[in-house]
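Descriptive analysis of the structure
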Amino acid sequence: MFGGIDVLHNNVGVTVLGTPADLSYEQWQRAFRLNVDGVFLACKHVLPAMVEPGRGAIVNVSSIAGMRHVGYPYPAYMPAKAAVNQLTVSLALTYAAHGIRVNAVAPGFIDTPLVRRQLSNSSTESACEAAAYVNGVCLPVDGGLSMSCG
């Protein structure tokens with residue numbers, strides 16, 4: 001057949017604008033189902049195929065909104081992406097001994113049709129200007145040392 005699974009790239013996300021008072025509980029749940037549950041379920045089903053040969057890499061796409069407020073009312077998206085970040089850390093530490101690396105990429109605003117539609121009335125800098133290049137990123141490359149507690 002094709003061999004094992006070496007890489008899993010979880011690239012999914014949905015945002016819903018609105019304050020907590022504006023959002024329905026269904027919108028809240030949808031944000032977590034798509035942003036967190038999708039990552040969890042993909043990892044759940046792929047990790048056994050990576051554990052057996054003792055290698056693999058998982059890359060989760062998170063968001064800068066999972067680390068800090070971005071100036072927009074994303075009360076469901078922000079904690080969902082924060083959950084992706086912590087799931088990434090948990091998986092990284094749990095599966096490091098099995099030769100599996102798990103990391104997350106946390107982009108800022110990327111100039112896409114979705115972002116343009118959602119933020120078209122915004123007075124802040126455009127998505128294109130904000131995402132022109134990667135700048136000022138401090139990416140620890142320490143084998144998970146900065147995330148472990150001991």
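Residues numbered from 1 in each chain as written. Predicted model: local features only at pLDDT ≥ 70, side-chain atom pairs only at ≥ 80, totals over all residues. Heavy atoms only, no water.

Remarks on the packing of aromatic side chains
The geometry of two aromatic rings is summed up by the distance between their centres and the angle between their planes. Here the structure, examined in full by the defined rule, presents 3 aromatic pairs. Relative to Phe32, the ring of Trp28 has its centre 4.9 Å away and its plane inclined at 40°; by these criteria the two rings are tilted. Of the two residues, Trp28 and Phe32 are both situated in helix H1 (residues 25-51); the distance of 4 residues between them amounts to about one turn of the helix. The partly exposed category is assigned to Phe32, whose relative accessible area is 22%. Taken together, a centroid distance of 6.2 Å and an interplanar angle of 45° make the contact between Tyr72 and Tyr74 tilted. Residues Tyr72 and Tyr74 agree in their burial class; the two are buried. Members of the aromatic cluster, each reached through a chain of ring pairs, are Tyr72, Tyr74 and Tyr77. (Phe/Tyr/Trp six-rings, centres within 6.5 Å; stacked < 30°, edge-to-face > 60°. Helix = DSSP H or I, 4+ residues; strand = E, 2+ residues; numbered from the N terminus. Buried < 20%, exposed > 50% of the residue type's maximum accessible area, 1.4 Å probe, protein only.)

Here's the deal with the sheet that holds strand S1 (residues 7-10)
The parallel open sheet is built from 3 strands, whose spatial order is S1-S2-S3. Two strands close off the open sheet at either side, each with one partner strand: S1 and strand S3 (100-105). For this sheet the average axis-to-axis angle between neighbouring strands, irrespective of direction, equals 10°. Bridge analysis of S1 against strand S2 (residues 56-61) gives 4 bridges, and the strand direction is parallel. Within S2, the residue paired with His9 across the bridge is Val59. Across the sheet, H1 touches S1, S2 and S3, and the angle it forms with S1 is around 175°. Taken strand by strand, helix H2 (residues 77-95) contacts S2 and S3, and its axis lies near 160° from that of S3. (Pairing = 2+ DSSP bridges. Axes fitted to C-alpha atoms, helices over the stretch in contact; angles between N-to-C directions. Contact = heavy atoms within 4.5 Å.)

Considerations on the nonpolar core
Formed by 14 residues in total, the largest nonpolar core has its most connected members in Leu8, Cys43, Leu47, Met50, Ile58 and Leu91. A total of 6 residues in this core trace back to one element, the largest contributor, which is H1. Look past the residues within four positions of Cys43 in its chain and what remains in contact with it is Leu8, Asn10, Pro48, Ile58, Asn60 and Leu91. Formed by 6 residues, the second largest nonpolar core is a distinct cluster that contains Ala65, Tyr72, Tyr74 and Met78. (Core = buried A, V, L, I, M, F, W, Y, C linked by side-chain atoms within 4.5 Å.)

Quick look at the pairing of S1
Side-chain alternation along S1 places Leu8 and Asn10 on a buried face and Val7 and His9 on a face that remains uncovered. Considered for its hand, the β-α-β crossover made up of S1, H1 and S2 is right-handed. (Right-handed = clockwise from strand over helix to strand, strands pointing away.)

Re the pattern of salt bridges
Overall, the coordinates contain 1 salt bridge when judged by the stated rule. With a closest N to O distance of 3.2 Å, Asp6 and Arg55 form a salt bridge. Placement of Asp6 in the segment before S1 and of Arg55 in the loop between H1 and S2 is noted, with a sequence separation of 49 residues between them. (Salt bridge = Lys/Arg side-chain N within 4 Å of Asp/Glu carboxyl O.)

Structural notes on the environment of Val89
Within the element layout of this structure, Val89 appears in helix H2. For the pair Val89 and Asn103, spaced 14 residues apart in sequence, the C-alpha to C-alpha distance is 7.6 Å.

Observations concerning the environment of Ser90
Take Ser90: it is sitting in helix H2. Exposure remark for Ser90: the relative accessible area of 39% places this residue in the partly exposed category. For the pair Ser90 and Val102, spaced 12 residues apart in the sequence, the C-alpha separation amounts to 9.0 Å.

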